[in-house]
2 protein chains.
Amino acid sequence: MEKGNNVTPWEVSGEVDYNKLVKEFGVEKIDSKLLARIKKYSSQLPPQLRRNVFFAHRDFNWLLDEYEKGNKFFLYTGRGPSGPVHIGHLGTWIFTKWLQDTFDVDLWFQFTDDEKFWFKNKPMEEIHKWMYENMLDVIALGFKPGKTHFIIDTKHAELMYPIAVKFADKINFSTVKSAFGFTNDYSIGQIFYTSMQAVPAVIPSELKGKNIPCLIPMAIDQDPHFRVARDVYPKLGYYKPALIEGLLLPPLTGTDGKMGSSESDTAVLTTDTPEMVKKKINKYAFSGGRDTLEEHRKLGGNPDVDISFQYLRILFEDDDKKLDKIEKDYRSGKLLSGELKAILIEKVNAFLKVHQVNREKAKKDIDKFIYKR
Amino acid sequence: MEKGNNVTPWEVSGEVDYNKLVKEFGVEKIDSKLLARIKKYSSQLPPQLRRNVFFAHRDFNWLLDEYEKGNKFFLYTGRGPSGPVHIGHLGTWIFTKWLQDTFDVDLWFQFTDDEKFWFKNKPMEEIHKWMYENMLDVIALGFKPGKTHFIIDTKHAELMYPIAVKFADKINFSTVKSAFGFTNDYSIGQIFYTSMQAVPAVIPSELKGKNIPCLIPMAIDQDPHFRVARDVYPKLGYYKPALIEGLLLPPLTGTDGKMGSSESDTAVLTTDTPEMVKKKINKYAFSGGRDTLEEHRKLGGNPDVDISFQYLRILFEDDDKKLDKIEKDYRSGKLLSGELKAILIEKVNAFLKVHQVNREKAKKDIDKFIYKR
């Protein structure tokens, strides 16, 4: 398969060529000027911005213009609850929390149970079981109750469906066919779905009866939904939401982007024990190291394709100096693959120790997060 | 246009050939044996059955088998609230009321505001204004409060959308394309809609947690929705609903089946004054009479195409003997077109006098009819 040739919200095949995506999707790269502008609001940019993990945007400058005029935005992101959360899912949410804290804004968090029912061929009961589990992970990250509103497509349908009806009116089959690669065999649910994903970006505007800017932090594979919907928002009298788009987190098994059904067995789940984390990373984390110790010492490893290094870069090593040293030592051959994995294992287990305590505490807080009219 | 060639829920063109429809749609004709069976439950069959206005069905014998075993059914019908109710709309509802009274069953009455928004290109506010007006007409016909439940697609979305999601999963674009004649230019709302129309047939089963038979009285143009959905009900563990299907009521201007945008000007509305009724029928009711008095006296009129006669037959002259005499006198030339129209005008005005009083009273009762969980 050609590089970056197939990225939709439901399928990512081949090694993703982000430069090509930026061009194809028509998004803007986040440049140093925009980073400098964002830095005015925070003592330190998060690793997701410092290291180009979130690398593209639409209308982010407009959003900050409005913010500076006193027209505060809100955040919207979401989760398709079809299985357990693994550590790769956390990057976007941790970045979203940074945005919430930095700009002191509300977050609307959508759980797309209808989408997963239509696209994953699982019973709704199973999807709702995972949804509950996934909510614990989101809450455990420390989002502010009272400022964070969970909405569930089927359970909040009285709020969402009437708005989705208006979006669905302005999008035809030709459009979703070309944006998502649908054929006539796709279900009328799958065809309709994108109108539900458009909705949370206008819920606060609907509730307050006035236009409120929206920022959507998300992985770039979700861009087609908003490429379609952003044409519709102004037709319905709303602002186009601004987007900030991040890399797809590679699975443990490598950067080829495939998300196989066995992923839950090979991915590090947020509920894994320290032993499981150690075993999975040692067994499955794709290595950029050389085949033999001698070769590695002589030629060095390749951190660009090494999943352990990438996870440290994207998520688990906040300290730039430490990360630089790890990269340098790995490239030079001083640091071995097993040693690099050991660093990641320690970091992940330290993170999960706290996360799992917070996850348990979250069980009594779920009700505070689910939106009530 | 060929006879009966184009009948979908949104378009009826040409003179409808009901025999062809029966064959194409694969419904069964209501025969004398079935009529005799229905007659066991009522001292007198209503004109809609005696005169073959409701002429086709699916699984009606199964429904009565279940009823006789003590497995009571419920009724489901509906209204797309895109404009005022005219007298032609009342036939199905009056027949539905007869079914409710005769079998002492609940009725779920759906108002498809989403459908009309998608297919009629009118603002939702206008549709909701008409919905309120249409509800008054339904209530005025005497449906039992407490046994009659109004559901509105957008306002009851929390009940309906999660069920629609399951239907939408089992229907693909190819299917709706061929059932409704959709093209790629149709909106994803229009494509999704049929799954919302499938829902009310299972709401009581969902609420009670057990399968309850359903009977849908409706005009035959709605059949494509259920032709599609009836394949899905058993896949989701529900009974297929039984259907009883009636003629499309011809507009005042003639039996060619066209429902033009000017219909509200030419049709007799339930809110019209006696003078307006008189004027509209005299001016617009298509006549089967001859061009001159002499010809008419000599050759007689044709009641089969005469709209005044058809309205008497279908809706306003309950007495078979009186109707027979009117038909005979019209065919012989004894009864003139103007005289026939005068009979209809008197009947319609007598009906509307009562209806309009009931319609006023209904304003305070709407809340009793709207379903509450």
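Look up: the structure comes first, before these words.
In every chain, residue numbers begin from 1 and rise along the written sequence. Each chain takes a letter, starting from A, and each ligand takes a number, starting from 1, following the order in which they are written. With the structure being a predicted model, the display of local features is reserved for residues of pLDDT at least 70 and the display and counting of side-chain atom pairs for 80 or more, all residues being used for whole-chain, interface and lining totals. The basis for the side-chain values is all heavy atoms of the structure; hydrogens and waters are excluded.

*Asks:* Residue-level account of the pairing of strand S8 (residues 214-219) of chain B, with values.
*Replies:* Residues and elements named next belong to chain B. The buried label applies to any residue whose accessible area, calculated with a 1.4 Å probe on protein chains only, is under 20% of its type's maximum; exposed applies above 50%, and partly exposed to all values in between. Note on conventions: DSSP H or I runs of at least 4 residues are helices, E runs of at least 2 residues are strands, and numbering of each starts at the N terminus. Across the six residues that make up S8, a large majority, six, are buried. Along S8, one buried face is formed by Cys-214, Ile-216 and Met-218 and the opposite face, lined by Leu-215, Pro-217 and Ala-219, is buried too. Of the strand pairs in this sheet, strand S5 (residues 74-79) and S8 are connected by two bridges, and their pairing is parallel. Its bridge partner lying in S8, Leu-75 is registered against Leu-215. By this definition, two strands are paired if DSSP reports at least two bridges between them. In terms of strand pairing, S8 meets strand S9 (residues 242-246) through five bridges, oriented parallel. Bridge pairing in S9 places Ile-216 opposite Leu-243. Each parallel crossover has a hand, and for S8 linked through helix H12 (residues 223-229) to S9 it is right-handed. Call a crossover right-handed when, viewed with both strands pointing away from you, the route from the first strand across the helix to the second goes clockwise.

*Asks:* Summarise the relation of the copies chain B and chain A; cite the residues concerned and give the values.
*Replies:* The two copies are related by a screw motion: chain B maps onto chain A through a turn of 180° and a shift of 0.0 Å along the axis, at an RMSD of 0.0 Å. In short, the pair behaves as if placed about a two-fold rotation axis. The residues that chain B uses at the interface reappear at the interface of chain A in 100% of cases, marking a shared surface. Superposition of the copies was done by least squares, using only C-alpha atoms of residues whose pLDDT is at least 70 in both. Contacts are assigned to residue pairs with any non-hydrogen atoms lying within 4.5 Å of each other.

*Asks:* Quick one: what's the story with the interface of chain B and chain A, residue by residue and with numbers?
*Replies:* Counting residues at the interface gives 34 residues for chain B and 34 residues for chain A. Carbon and sulfur atoms make up 64% of the area that chain B and chain A hide from each other, which totals about 2,800 Å². Secondary-structure elements contributing two or more residues to the side of chain B that touches chain A are helix H6 (113-120), helix H8 (157-168), helix H9 (173-180) and helix H10 (188-198) of chain B. It is H8 of chain B that provides the largest number of residues to the side of chain B that touches chain A, a total of eight residues. Accessible surface is computed with a 1.4 Å probe, and the buried area is the amount of it that two parts give up when combined, taken over both parts together.

*Asks:* Describe the side chain of Glu-245 of chain A, with residues and values.
*Replies:* Relative to the elements of secondary structure, Glu-245 of chain A occurs in strand S9 (residues 242-246). Apart from the residues within four sequence positions on either side, Glu-245 of chain A is in contact with Val-27, Val-53, Phe-54, Phe-55, Ala-56, Arg-58, Met-218, Ile-220 and Asp-223 of chain A.

*Asks:* Talk me through the sheet that holds strand S4 (residues 54-58) of chain B; I want residue IDs and the actual numbers.
*Replies:* Strand pairing within a sheet occurs via backbone hydrogen bonds; the two strands may be parallel or antiparallel. All names here are of chain B. Across the sheet, which stays open at both edges, the seven strands sit in the order S3-S4-S9-S8-S5-S6-S7 with mixed pairing between neighbours. Taken across any chain shown, the strands that pair with only one partner, and hence form the sheet edges, are strand S3 (28-29) and strand S7 (148-152). When S3 meets S4, the two strands line up antiparallel, connected through two bridges. What sits directly across from Glu-28, in S4, is His-57.

*Asks:* Please set out the nonpolar core residue by residue, giving values where relevant.
*Replies:* In these notes, a set of buried Ala, Val, Leu, Ile, Met, Phe, Trp, Tyr and Cys residues joined through side-chain atoms within 4.5 Å is what counts as a nonpolar core. If you look at the biggest cluster of nonpolar residues, it comprises 92 residues, and the most contacted ones within it are Trp-118, Tyr-161 and Phe-192 of chain A together with Trp-118, Tyr-161 and Phe-192 of chain B. Dropping the residues within four chain positions of it, Tyr-161 of chain A is found in contact with Phe-192 and Met-196 of chain A together with Asp-114, Trp-118, Asp-153, Thr-154, Ala-157, Tyr-161, Phe-192 and Met-196 of chain B.

*Asks:* Before we move on, can you summarise the packing of aromatic side chains with the specific residues and values?
*Replies:* For any pair of aromatic rings, geometry is given as the distance between the ring centres together with the angle between the planes. Residues and elements named next belong to chain A. Note on aromatic pairs: the rings of Phe, Tyr and Trp (six-membered ring only in Trp) are paired at centre separations within 6.5 Å, and the planes decide the class, stacked below 30 degrees, edge-to-face beyond 60, tilted for the rest. All chains considered together, the criterion is met by 53 aromatic pairs over all chains. Look at Phe-95 and Trp-98: their rings are 6.0 Å apart centre to centre, the planes differ by 10°, and that puts the pair in the stacked class. You can see Phe-95 and its partner Trp-98 sitting in helix H5 (residues 90-103), three residues apart, about one turn around the helix. Of the two residues examined, Phe-95 and Trp-98, each falls in the buried class.

*Asks:* Explain the packing of helix H14 (residues 274-284) of chain A against helix H18 (residues 337-362) of chain A residue by residue, including any values.
*Replies:* All names here are of chain A. Every angle, taken between N-to-C directions, lies between 0 and 180 degrees, and every axis is a line fitted to C-alpha atoms, over only the stretch in contact when it is a helix. One way to put it is that H14 packs onto H18 with a least axis distance of 10 Å and a crossing angle of 150°. The two elements H14 and H18 cross, and the hand of that crossing is right-handed. On the side of H14, the interface is formed by Pro-274, Val-277, Lys-278, Ile-281 and Asn-282, while H18 contributes Lys-341, Leu-344, Ile-345, Val-348, Asn-349 and Leu-352. Polarity classes work like this: nonpolar for Ala, Val, Leu, Ile, Met, Phe, Trp, Tyr, Cys and Pro, charged for Asp, Glu, Lys and Arg, and polar for all others, with Gly in that last group. Residue composition of the contact of H14 with H18, grouped by class: seven nonpolar, two polar and two charged. The handedness criterion is simple: a crossing whose near helix is rotated anticlockwise from the far helix by less than a right angle is left-handed, and one whose near helix is rotated clockwise is right-handed.

*Asks:* Mind laying out the pattern of salt bridges, listing which residues take part and the relevant values?
*Replies:* Residue and element names in this part refer to chain A. Counted as salt bridges are all cases of a side-chain nitrogen of Lys or Arg within 4 Å of a carboxyl oxygen of Asp or Glu. This model, assessed by the stated rule, comprises 57 salt bridges over all chains. Between Asp-223 and Arg-58 there is a salt bridge; the shortest N-O distance is 2.8 Å. Of the two residues, Asp-223 is situated in helix H12 (residues 223-229) and Arg-58 in strand S4 (residues 54-58); the sequence distance between them amounts to 165 residues. Relative accessible area serves as the criterion here: at 10%, Arg-58 is assigned to the buried category.

*Asks:* Residues and numbers for the sheet that holds strand S7 (residues 148-152) of chain A, please.
*Replies:* Residue and element names in this part refer to chain A. Spatially, the seven strands line up as an open sheet ordered S3-S4-S9-S8-S5-S6-S7, and their pairing is mixed. Looking at the sheet topology across the chains shown, the edges are occupied by strand S3 (28-29) and S7. Sheet analysis places S4 next to S9, joined by four bridges and oriented antiparallel. Each residue of the ladder has a partner; that of Ala-56, found in S9, is Glu-245.

*Asks:* Now, about the environment of Lys-166 of chain B: what can you tell me, with residues and values included?
*Replies:* Residue and element names in this part refer to chain B. The residue Lys-166 is located in helix H8 in this model. Residue classification places Lys-166 among the partly exposed residues on the basis of a relative accessible area of 27%. With 83 residues separating them in the primary sequence, Lys-166 and Leu-249 have C-alpha atoms 33 Å apart.

*Asks:* Go over helix H1 (residues 18-25) of chain B with me, naming the residues and quoting the values.
*Replies:* Residues and elements named next belong to chain B. Taken residue by residue, H1 has Leu-21, Val-22 and Phe-25 as its buried positions. Along the axis of H1, the buried positions cluster into a sector of 100°, meaning they face one direction only. Under the rule applied, a polar contact is a pair of N or O atoms within 3.5 Å (in protein, one hydrogen donor and one hydrogen acceptor; residues adjacent in sequence only if both atoms are side-chain atoms). The backbone nitrogen of Asn-19 has a side-chain oxygen 3.1 Å away, supplied by the residue at the start of H1, namely Asp-17. Downstream of H1 by one or two residues, Gly-26 has phi in the positive range, about 75°. As used here, the arc belongs to the directions running from the helix axis to the C-beta atoms.

*Asks:* Can you explain the packing of helix H10 (residues 188-198) of chain A against H10 of chain B? Please cite residues and give values.
*Replies:* Where H10 of chain A meets H10 of chain B, the closest approach of the two axes is 9 Å, and the angle between their N-to-C directions is 125°. With respect to each other, H10 of chain A and H10 of chain B are oriented oblique. As for the relative orientation of H10 of chain A and H10 of chain B, their crossing is left-handed in sense. On H10 of chain B, the residues that touch Ile-188, Gly-189, Ile-191, Phe-192, Thr-194 and Ser-195 of chain A of H10 of chain A are Ile-188, Gly-189, Ile-191, Phe-192, Thr-194 and Ser-195 of chain B. The residue inventory of the contact of H10 of chain A with H10 of chain B, partitioned by class, reads six nonpolar, six polar and no charged. Reported orientations rely on four angle classes, namely roughly parallel under 35 degrees, roughly antiparallel over 145, roughly perpendicular from 65 to 115, and oblique for the rest.

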